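Survey of secondary and tertiary structure
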Amino acid sequence: MKSNKRSSFIVVFIFLTLSVLLAACSSQGSNASTNPKEENELEKVNYAAFDGLNGMAVRFGAEKGFFEDEGIDVEFVVTKDEVASLTSGDVDFADANTTRIVVGGGKGAPIKIVGSMFRTKGPFYLIAKSDIKSVEDLKGKNVGVGIAGSGMDVYTRTILAKHGLTEDDVHLINNGTYQQAYATLETGQVDATLIHEPFVTLGETTGVAHLLAQGWKYLPEFHTGVLASNDKFIKEKPETLKKVLKAYLRSQEYAKANQDEYIDYVVKHVDIEPEVLKSALDREEILWENDLNIDVDRIEKSQDLQYELGFQEEKYDIKSLVNDKFIPKK
């Protein structure tokens, strides 16, 4: 009799134990299916995005959650030298001047062009003080080239040449970009400068400056913006790179298609009036292509011009510096 009671107790105990285990497994399975992100940690990616409007849409996209949707924990970092930061591994992915990556990679840096930026035509403008009415009036004047030896310098010299001026006719000054360049015009350190938006529209609105020339109309095929990564990241994390590029493209497309929302975001982070920003974006709508495909021929032609101007000591094999396997399909 005692044996029967003991057997009954054991059966009940086993049944209750199994019930608890099954309930726990069921609960875990339910949580995993409804909250997949809790199960998979986001992957950290250090991204050196451009300053100013050139890098603002991708930050907007990160705030919208587009990188997180791809499983990426993106951290935006500031660097003065994308080539050095990519080479050291401090940066995994970067916005970059095309010529800088070509020269750096050509000289042996372990980096590759993995995509084109949302725009590849130079978003550069030559603006001047109000008393200068034409490019020809710049003879004998101080002209800011942005960064000496860069694409900005190429555009400046080309614009001047098309109007009959050489570097001997003006004083070319390395005056930086964005706010720094605009400040040199405001303070009279330069009489004209090559610059990005929104400073063209800001100059027109305040009366500080007016537009003399739009850069891309003088060099429509010169390639100015690429997305770059280092060989280590490409080799070890190819799927992650695909996801970063996908989130980048989604960010750019959303910002362009939802301009009012994008403007609201920008004015919270940049000291600029919404009306000025809207005018600047309208002017550049034609340049906002959102095509990440890499045009090797254009980059080779851009390199030819760099070489002719003496900004490159030699020409490099562009195809060896390009890896387009990770660009998302539209």
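Structure first, text after, so check above.
As a convention, each chain's residues are numbered from 1 in the sequence order in which they are written. Selection of residues for local features in this predicted model requires a pLDDT of at least 70, selection of side-chain atom pairs for listing and counting requires 80 or more, and totals for whole chains, interfaces and linings are taken over all residues. Calculated side-chain values reflect all of the structure's heavy atoms, with hydrogen atoms and water omitted.

1. Brief notes about the packing of helix H9 (residues 199–206) against helix H14 (residues 274–284)
Viewed as axis vectors pointing N to C, H9 and H14 meet at an angle of 130 degrees, and their least axial separation amounts to 8 Å. As far as their axial angle goes, H14 and H9 are oblique. Seen along the crossing, H9 lies across H14 with a hand that is right-handed. Across from Val200, Thr201, Leu202, Glu204 and Thr205 in H9, the residues of H14 making contact are Val276, Ser279, Ala280 and Arg283. Under the convention adopted here, Pro, Cys and the residues Ala, Val, Leu, Ile, Met, Phe, Trp and Tyr are nonpolar, Asp, Glu, Lys and Arg are charged, and Gly plus all remaining residues are polar. A per-class count over the contact of H9 with H14 returns four nonpolar, three polar and two charged. What counts as an axis is a line fitted to C-alpha atoms, over the stretch in contact for a helix, and the angles between N-to-C directions run from 0 to 180 degrees. The way it works is that DSSP assigns letters per residue, a run of H or I at least four long becomes a helix, a run of E at least two long becomes a strand, and they are numbered from the N terminus. Oblique is the label for any angle not covered by the other classes, which are roughly parallel (under 35 degrees), roughly antiparallel (over 145) and roughly perpendicular (65 to 115). Crossing chirality is assigned from the near helix's rotation relative to the far helix, an anticlockwise turn below a right angle marking it left-handed and a clockwise turn marking it right-handed. Whether two residues are in contact is decided by their heavy atoms, any of which lying within 4.5 Å being enough.

2. Some words on the pattern of salt bridges
A side-chain nitrogen of Lys or Arg and a carboxyl oxygen of Asp or Glu constitute a salt bridge if their distance falls within 4 Å. Within this structure, the stated rule accounts for 19 salt bridges. Two residues, Arg119 and Glu284, come together in a salt bridge whose shortest N-O distance is 2.5 Å. With Arg119 in the loop between strand E4 (111–116) and strand E5 (125–128) and Glu284 in helix H14, this residue pair connects regions lying 165 residues apart in the sequence. This pair shows no difference in class: Arg119 is buried, exactly as Glu284 is. With a shortest N-O distance of 3.1 Å, Asp282 and Lys278 are connected by a salt bridge. Here Asp282 and its partner Lys278 are both found in helix H14, four residues apart, which amounts to about one turn of the helix. Taking the relative accessible area as the measure of exposure, Asp282 reaches 42% and is therefore partly exposed. Relative accessible area decides the class of each residue, using a 1.4 Å probe on protein chains only: under 20% of the type maximum gives buried, over 50% gives exposed, and in between gives partly exposed. A relative accessible area of 36% places Lys278 in the partly exposed class.

3. Overview of the pairing of strand E10 (residues 225–230)
E10 sits mainly inside the fold: six of its six residues count as buried. By the alternation rule, side chains of E10 split into Gly225, Leu227 and Ser229 and Val226, Ala228 and Asn230, which are all buried. Any two strands are treated as partners once DSSP identifies two or more bridges connecting them. One ladder, built from five bridges, connects strand E3 (residues 93–97) with E10; its direction is antiparallel. Looking at E10, one finds that Asp95 is bridged to Leu227.

4. Here we look at helix H8 (residues 178–186)
Taken together, the buried positions of H8 are Tyr178, Ala181, Tyr182, Thr184 and Leu185. The buried residues of H8 all sit within an arc of 155 degrees when viewed along its axis, so they share a single face. The outward face of H8, more than 90 degrees from its buried face, is lined by the exposed residues Gln179 and Gln180. One or two positions beyond H8, positive phi appears at Gly188, with a value near 85 degrees. Relevant arc is that of directions from the helix axis to the C-beta atoms, nothing else.

5. Remarks on unusual backbone geometry
Glu197 connects to Pro198 through a cis peptide bond whose omega is 10 degrees. In this structure, Pro198 sits in the loop between strand E8 (192–195) and H9. With a phi close to 50 degrees, Tyr178 is a non-glycine residue in the positive phi region.

6. Some thoughts on the sheet that holds E3
Overall, mixed pairing links the five strands, which are arranged E2-E1-E3-E10-E4 in an open sheet. Taken across any chain shown, the strands that pair with only one partner, and hence form the sheet edges, are strand E2 (72–76) and E4. On average, each strand axis in the sheet is tilted by 30 degrees relative to the strand beside it, whichever way the strands run. Bridging between E4 and E10 involves five bridges; their strand directions are antiparallel. Bridge pairing links Lys112 to Ser229 in E10.

By themselves, these figures tell us nothing about what the structure is for.
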